[in-house]
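Descriptive analysis of the structure
What follows is the residue order along each chain.
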Amino acid sequence: MKNLYKYFFRGLITILPVALTLYLFYVFLAWTEAAALWVLNPLIGGFYVPGMGLVFGILGILVIGYMVSKPGVRKLLSFAELPFTNLPVVKSIYSSLKSFADYFSPAGKQAEQSVVILRMPGHALEIVGLITRRSFADLPAGFLPGERVAVYLPMGYMIGGYTVFVPTEWVQPIDMSVEEAMRSSLIAWMARPAPGAHPGSAGSAT
């Protein structure tokens, strides 16, 4: 019975990431297929090849990305965003999601957005975080004076996080991309098994 439990656990943690990835890909593919049928059906009638939806979705994303790179289109987009940026509740959700997306966009990756280790003087504790701002000129008065930075501390499994404002000497940049840091935070910085090792084999009887 113990071996059955061990094999089931190993099989589950092996197949779960693959299954979730395939499921999300399937949802995206099903959505693009339905959208492609709705858009292309009046133009091409019954002629449709499976997979055209994926091509249609990728081309659509590329076209949108090209269009929003134009100043005129960005100005029109700002008008289209007015309902989302003025309605109560909707404004808070939309602004938060947009700011989070902008942080990871190529245009948003400026020098001040970096991965750092936060160390408080007199403490051996180390916390990995992301610097989100270095200037406080646009924030309300009341923050402590001196050179300070805002550091976002993500929680494991993306269930939230904290933003702390600390002196610049408390943080030390590390050679890690923002994407890699968020990926590691998602799994609570769990160590990955060495190549060739079986998942769940540590500390288990054979």
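Before reading further, recall that the structure is shown in the block above.
Reference entry: report on the structure contained in this document. (Residues numbered from 1 in each chain as written. Predicted model: local features only at pLDDT ≥ 70, side-chain atom pairs only at ≥ 80, totals over all residues. Heavy atoms only, no water.)

Among the nonpolar cores identified, the biggest contains eight residues, and these are V116, L118, I131, V149, V151, L153, V166 and V171. No other element matches strand β3 (residues 148-154), which puts three residues into this core. Those residues in contact with V116, other than ones at most four positions away along the chain, are I127, V128, G129, I131, V151, V171, Q172, P173 and I174. Ranked by size, the runner-up nonpolar core spans six residues in total, among them V115, L130, Y152 and V178. (Core = buried A, V, L, I, M, F, W, Y, C linked by side-chain atoms within 4.5 Å. Buried < 20%, exposed > 50% of the residue type's maximum accessible area, 1.4 Å probe, protein only. Helix = DSSP H or I, 4+ residues; strand = E, 2+ residues; numbered from the N terminus. Contact = heavy atoms within 4.5 Å.)

Our focus in this paragraph is the sheet that holds strand β1 (residues 115-119). An order of β4-β3-β2-β1-β5 is seen for the five strands of this open sheet, with the pairing classed as antiparallel. Two strands lie at the open edges of the sheet, namely β4 (161-167) and β5 (171-173), each paired on one side alone. Looking at each pair of strands side by side, their axes are set apart by 40 degrees on average, direction ignored. When strand β2 (residues 126-133) meets β3, the two strands line up antiparallel, connected through three bridges. Bridge pairing in β3 places R133 opposite A150. Of the strands in this sheet, β1, β2 and β3 are in contact with helix α6 (residues 178-186), which crosses β2 at around 135 degrees. (Pairing = 2+ DSSP bridges. Axes fitted to C-alpha atoms, helices over the stretch in contact; angles between N-to-C directions.)

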